[in-house]
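# A look at the structure
Okay, here's what each chain looks like letter by letter:
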Amino acid sequence: MSASATTSSPLAVQVRAVTKTFGTGEAAVRALKGVDFTARQGELLMIVGPSGCGKTTLLSVIAGTLNFDGGEIEVFGSSLHAMKPRHVTEFRKRHVGFIFQQFNLIPTLSCVENVSVPLLINGASRREAERRAEAMLDQIGLQGRGHERPTNLSGGQQQRVAIARALVHEPRLVICDEPTSALDKDTGGHIMDLLRDVARHPDRSVIVVTHDNRIFKYADRLTEMEDGRVQRVHDQGGNFEESGGTK
Amino acid sequence: MYHLALKMLLGDRAKYVMLVGGLTFATMLMTQQSAVFCGLLTWTTSHMRNMRAKLWVVDRKVEQANELKPLRDTDVNRVRSAPGVAWAVPLYITIQSAKLADGNFKPILLVGLDNTTLVGRPPVILQGKLEDVRLPNAIILDELGIKRLSVGRAKPLGLGDTFELNDKEARIVAICRADRHFFGYPYAYSTYTQALQFAPKQRKMLSLVLAEPAPGWTLEQAAASIQSETGMKAYTEEELFWSTIWWYFRNTGIPIAFMSIIILGFIVGTTISGQTFYAFVHENLRHLGALKAMGASNALLARMLLVQSLTVGFLGYGIGALLVTAFGRAVLARGEPPFMMPWQLPAGTFVLVMAICCFSALLGIRKVWKVEPAIVFRG
């Protein structure tokens, strides 16, 4: 694991006793059963665990894309649980960047247009948004590819475009859902190098949900989930903390 | 964001073409059929444009211009004697058979004009002189009549040519332009006296009386005076126009036939457009969900969908309206089928097409509104 934010770094995300149940009655599925969890500023934190353990649900509630039933979530000092839906949307717009498993780039738009979307949503003019999008693409090594359609790019390049889109409006929290699962090992490694650099920003936190054990080494901390609960948290020194105490 | 919304739409070429095509078709169907319907109804009132008079006096049971009940010859004097009438002249309208060179017969609509004043004369004389209609056996034929009655001849009928009208010789002394009659009969004009010679004798020959109010009398006052004095029905031109139109509404299946096609156009447009746009939104739901996750509000996404939908609406309407205009120009040059497109028709169609687009957008908006942004995290 890499050099990372220290335990003294301020908290970026604080999740306390969060619960989430899908469905009702006999069909109800308790996806989160009182999750406690923290992420620090300047940290790349991974949430890992078997399929169905609730890690994507946890990511969704932290990102403010899914309502939760109980508990509290604070992201950079803002209490999501106390916000009205309109303010949660506003919060996401300004402070959260998303990187998706399937990239979710709009195929009919050029790379620059895809990257400019968060800026346009935040009210930037078209010219300003495209200028900053091109600069961001240059920054992540896609010089001169801005006017191509994403479908003309390789998987790794598409994920770079997605990363550019996630960062272009300088969000404080970057949420990544299986960012390397659609990529080969080398490309996945390059993407993780990039994400680790992104996380080095002192006022930012990167949370990655993954199954891919090849990229665990890039995490500052690993949060293991099982059956809707955080089981343990590993830090970079190999120490781990069971849910409820340190070992 | 709106330019990106349009690029998303234009990028899906198949659906874009389908949407524009569907709305073009709907626009064409609705506007063209409405225009043909208006044109057809206009043909029912061709007498008013071809004979032009302020007051039309007919039997009191007559409801429309194409079904006239004969009056007595003396009735014209009764109208003249009514207070408020400046002048009144007789008019004879009958359908007679004209014989073609090849032996066939064609019906023509013969109009007998007052010998002295020629009130009710054709609106435009293209060849010859109007006054020559007073010559023996003289007739003024409209362009359609020339075309119809020239069948079987080496060259089209012209001035001085003769044809057989109800076993009597008729000589063409002028060619006129007249509005087409609802039944498609050509107009032929002669003097009142001559027309009575062409037509078989009946007990009552006068079809109607054309009149004008005296100075200081309004049309309505003069019409009321004629009605009270003579017991006949006196219509103003506008009253007879609308009475005729409504008679066809009430007594024929024409409005229902056309209305059903117009409604069909609306339904087809709504179905194609609504279904295609819904499919477009459905296929892009993941991307729209991603935009929502990134902070795009429901209102912004709704506006994007409206921009997409209204854009195809404007395009489809524009192309459809252009095609209908081209169709209209072509048929107006030929004279049939009937076609009349007042500004209210394209305006009405525009409103309907925009309603279709708003409905389609609404289907998409409803879908997007319900989407949780967390959809983007599902594999």
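Residues numbered from 1 in each chain as written. Chains lettered and ligands numbered in written order. Predicted model: local features only at pLDDT ≥ 70, side-chain atom pairs only at ≥ 80, totals over all residues. Heavy atoms only, no water.

Secondary structure assignment for chain A yields 6 helices and 12 strands. The C-alpha atoms of chain A give 18 Å as radius of gyration, which agrees with the globular expectation for 247 residues (18 Å, within 12%). When the accessible surface of chain A is totalled, it reaches about 10600 Å², and 45% of it is carbon and sulfur. With 30 positive and 29 negative side-chain charges, chain A shows a spacing of 4 Å between the two charge centroids. (Helix = DSSP H or I, 4+ residues; strand = E, 2+ residues; numbered from the N terminus. Rg over C-alpha atoms; globule rule 2.2 N^0.38 Å. Areas by Shrake-Rupley, 256 points an atom, 1.4 Å probe, with all protein chains shown as cover. Lys, Arg positive; Asp, Glu negative; His and termini not counted. Charge placed at Lys NZ, Arg CZ, Asp CG, Glu CD.)

All right, on to the overall build of chain B then. Per the secondary structure count, chain B includes 12 helices and 10 strands. Relative to its length of 379 residues, chain B is extended, with a C-alpha radius of gyration of 29 Å against a globular reference of 21 Å. Projected onto the principal axes, the alpha-carbon positions of chain B cover approximately 95 × 55 × 30 Å. Burial status across chain B gives 52% buried among its 379 residues. For chain B, the proportion of contacts with a sequence separation of at least 24, taken over those separated by at least 6, is 79%. As displayed, chain B has an accessible area near 16900 Å², and 60% of this comes from carbon and sulfur atoms. Charged side chains of chain B number 39 positive and 26 negative; the gap between the two group centres comes to 9 Å. (Buried < 20%, exposed > 50% of the residue type's maximum accessible area, 1.4 Å probe, protein only. Contact = heavy atoms within 4.5 Å.)

Further remarks concern a negative patch on the surface. Residue and element names in this part refer to chain B. Side chains of Glu220, Glu237, Glu238 and Glu239 sit close together on the surface and give a patch of like negative charge. Here the negative patch takes 3 residues from helix H8 (residues 237–251), the largest share from any one element. Structurally, Glu238 can be placed in helix H8. (Patch = residues over 30% accessible without salt bridge, like charges linked within 9 Å, V, L, I, M, F, W, Y side chains within 5 Å. Salt bridge = Lys/Arg side-chain N within 4 Å of Asp/Glu carboxyl O.)

Residue and element names in this part refer to chain A. The residue Gly188 is located in helix H6 (residues 185–199) in this model. Overall, the relative accessible area of 2% leaves Gly188 in the buried class. Distance from Gly188 to Gly228, taken between C-alpha atoms, is 27 Å for residues 40 residues apart in sequence. With near-sequence residues (within four places) excluded, Gly188 lies in contact with Thr180 and Leu183.

Each assigned domain of chain B is listed here: domain 1 (2–43 + 253–377) and domain 2 (72–231). Between the C-alpha centres of domain 1 of chain B and domain 2 of chain B there is a distance of 49 Å. (Domains from an automatic or database assignment.)

Moving on, we come to the packing of aromatic side chains. Residue and element names in this part refer to chain B. Within the structure shown, the criterion is met by 15 aromatic pairs over all chains. Between Tyr92 and Tyr192 the ring centres are 6.4 Å apart and the planes differ by 80°, which places this aromatic pair in the edge-to-face class. You can see Tyr92 sitting in strand S2 (residues 85–99) and its partner Tyr192 sitting in helix H6 (residues 192–198), a full 100 residues away along the chain. Classification of Tyr92 as buried rests on a relative accessible area of 3%. (Phe/Tyr/Trp six-rings, centres within 6.5 Å; stacked < 30°, edge-to-face > 60°.)

Turning our eyes to something else, we now look at the pairing of strand S8 (residues 187–191) of chain B. Residue and element names in this part refer to chain B. Counted residue by residue, S8 has 5 buried out of 5 residues, so it is predominantly covered. Relative to S8, strand S3 (residues 105–113) is paired through 5 bridges, and the arrangement is parallel. Its bridge partner lying in S8, Leu109 is registered against Tyr187. Note that strand S5 (residues 138–142) and S8 share 2 bridges and pair antiparallel. Following the sheet pairing, Leu141 is matched in S8 by Ala188. (Pairing = 2+ DSSP bridges.)

All names here are of chain A. Phi at Ala17 takes a positive value of approximately 50°, unusual for a residue other than glycine. Its place among the elements puts Ala17 in strand S1 (residues 11–22). Under the relative-accessibility criterion, Ala17 is labelled partly exposed at 40%.

To continue, consider the interface of chain B and chain A. Residue-level contacts link 24 residues of chain B with 27 residues of chain A. For the chain B and chain A pair, buried surface summed over both sides reaches about 2300 Å², with 69% attributable to carbon and sulfur atoms. Sorting the residues of chain B by area buried against chain A places His3, Met294 and Phe377 of chain B first, and these three jointly supply 33% of that buried surface. Scanning the region where chain B abuts chain A turns up 1 salt bridge. Linking Lys7 of chain B and Glu113 of chain A is a salt bridge whose minimum nitrogen-to-oxygen distance equals 2.8 Å. Inspection of the region where chain B meets chain A yields 5 residue pairs in polar contact (both at pLDDT 80 or more). (Buried area = accessible area lost by both parts, 1.4 Å probe. Polar contact = N/O pair within 3.5 Å; in protein donor to acceptor, adjacent residues only side chain to side chain.)

Our next topic: a nonpolar patch on the surface. Residue and element names in this part refer to chain B. A surface patch of nonpolar side chains, amounting to about 290 Å² of accessible area, comprises Met28, Leu315, Ile319 and Leu323. Examining the composition of the nonpolar patch, we find that 3 residues originate from one element, helix H11 (residues 298–334), more than from any other. Structurally, Ile319 is set in helix H11.

Moving on, we come to the layout of surface pockets. Of the voids in this model, the largest pocket is the one considered here, and its volume is about 650 Å³. If you go around the largest pocket, you meet 30 residues; those closest to its centre are Pro85, Arg86, Val88, Thr89 and Arg92 of chain A. Mapped onto the lining of the largest pocket, the elements with two or more residues apiece are helix H2 (85–95) of chain A together with H11 and helix H12 (344–370) of chain B. Examining the composition of the lining of the largest pocket, we find that 7 residues originate from one element, H2 of chain A, more than from any other. For the lining of the largest pocket, the per-class residue count stands at 13 nonpolar, 8 polar and 9 charged. (1 Å grid on protein atoms, 1.4 Å probe; cavity = no way out; pocket = protein on both sides within 12 Å on 5 of 7 lines; lining within 4 Å. Points joined across faces, edges and corners; volume = space filled by probe spheres on them. Nonpolar A, V, L, I, M, F, W, Y, C, P; charged D, E, K, R; others polar.)

Another point: the sheet that holds strand S2 (residues 29–40) of chain A. Spatial strand order, S2-S1-S4-S5 (chain A): 4 strands in an open sheet with antiparallel pairing. Where the open sheet ends on each side, the last strands, each with one partner, are S2 and strand S5 (78–79) of chain A.

Quick look at the side chain of Asp220 of chain A now. Summarising the element assignment, Asp220 of chain A is placed in the loop between strand S8 (205–210) and strand S9 (221–226). A distance of 3.4 Å separates polar atoms of two side chains, one belonging to Asp220 of chain A and the other to Arg200 of chain A.

On to the confidence of the model for chain A. Confidence in the prediction of chain A, expressed as mean pLDDT, is 82, and 92% of residues score 70 or more. When mean pLDDT is compared element by element in chain A, helix H3 (residues 111–121) of chain A scores highest at 91, while strand S12 (residues 245–246) of chain A scores lowest at 40. (pLDDT = per-residue confidence, 0-100.)

The next point concerns the nonpolar core. Grouped together as the largest cluster of nonpolar side chains are 118 residues, with contacts concentrated most on Val13, Phe37, Met46, Leu58, Ile175 and Ile207 of chain A together with Leu291 of chain B. The element contributing the most residues to this core is H11 of chain B, with 8 residues. What Ile175 of chain A contacts, discounting residues up to four positions off in sequence, is Leu59, Ile62, Ala63, Val96, Gly97, Phe98, Ile99 and Ile207 of chain A together with Phe377 of chain B. If you look at the next biggest cluster of nonpolar residues, it comprises 38 residues, including Leu196, Leu206, Val209 and Met232 of chain B. (Core = buried A, V, L, I, M, F, W, Y, C linked by side-chain atoms within 4.5 Å.)

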